Amino acid sequence: VVDIQPTGMVESELSRSDCRTTGAVVWESPDTLMRQYRFTITQSGVLSVALYSPGFAPKFSVVRSPGSLIMSQADYAHTSFARGAVSLAPGTYIIVATSWGYATGAFRLTTKVGPLGACAIPDLKFGEAVSGDFSKPACRQLDIQVPSSNTAGVERFRITVRERGLVTVGVTSALVASGYI
């Protein structure tokens, strides 16, 4: 395991002498080679990872310890890139750089840790209608739920219920068949 800074770049390669993924992550085949990179963050934030290889289909995982998968991404589209983002709490994590199937070759791992999005929660009154735009979300699911790799836009609202009763909330969208509450 190589210690790295949470934000930075590493150029390396998978070689036949590297460790196998057995026991490092829960979903890998034992014939996959890997390199592991450990980093520590001191406050909650969003980790962005890009793994590039011109010679194989890259795949990476973010784990807390062997077998504790937090998120993974692979180059399913055969673009030479695997990319993803995940919100993390303070702590030490490992990025497992590997390939989609047995492969050797050069790769570049780029990481960046940024702050969680500031997600305002406006107060609403009963009967008040609101609208939003999920095409340019100010807040993502991963900004409010840690850990999460869900980058879907989220709008949050607060209502104060002063007496017992039935509250009905509806969501409509021209883009999504049904909204989530």
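Everything below is about the structure shown above.
Quick word on the sheet that holds strand E8 (residues 81-88)
Point 1. With respect to topology, four strands assemble into an open sheet ordered E2-E10-E5-E8, the strand pairing being antiparallel. Two strands lie at the open edges of the sheet, namely strand E2 (8-14) and E8, each paired on one side alone. Geometrically, the sheet is characterised by an average inter-axis angle of 20° between neighbouring strands, direction not taken into account.

Focus on the nonpolar core
Point 1. Grouped together as the largest cluster of nonpolar side chains are 23 residues, with contacts concentrated most on Phe39, Leu47, Phe60, Ile95, Phe107 and Leu109.
Point 2. Of all the secondary-structure elements, those providing two or more residues to this core are E2, strand E4 (33-41), strand E5 (45-52), strand E6 (58-63), E8, strand E9 (91-99) and strand E10 (105-114).
Point 3. Per element, the largest residue contribution to this core is four residues, and it comes from E4.

With respect to the state of the cysteines
Point 1. Summed over the entire model, instances satisfying the criterion amount to one disulfide.
Point 2. Disulfide partner of Cys119: Cys139, at an S-S distance of 1.9 Å. Taking the sign of the S-S torsion, about 90° here, the bridge from Cys119 to Cys139 comes out right-handed. With Cys119 in the loop between E10 and strand E11 (123-124) and Cys139 in the loop between E11 and helix H1 (141-144), the pair connects residues that are 20 residues apart, well separated along the chain. Summarising the burial analysis for this pair, Cys119 and Cys139 share the class buried.

Digging into the environment of Trp100
Point 1. Tracing the backbone shows Trp100 in the loop between E9 and E10.
Point 2. Those residues in contact with Trp100 that lie beyond four places of it in its chain are Ala57, Lys59, Ala74 and Tyr76.

What counts and how
Residues numbered from 1 in each chain as written. Predicted model: local features only at pLDDT ≥ 70, side-chain atom pairs only at ≥ 80, totals over all residues. Heavy atoms only, no water. Pairing = 2+ DSSP bridges. Helix = DSSP H or I, 4+ residues; strand = E, 2+ residues; numbered from the N terminus. Axes fitted to C-alpha atoms, helices over the stretch in contact; angles between N-to-C directions. Core = buried A, V, L, I, M, F, W, Y, C linked by side-chain atoms within 4.5 Å. Buried < 20%, exposed > 50% of the residue type's maximum accessible area, 1.4 Å probe, protein only. Disulfide = S-S within 2.5 Å. Contact = heavy atoms within 4.5 Å.

Note that every value here comes from positions in space, so none of it alone points to a role or purpose.
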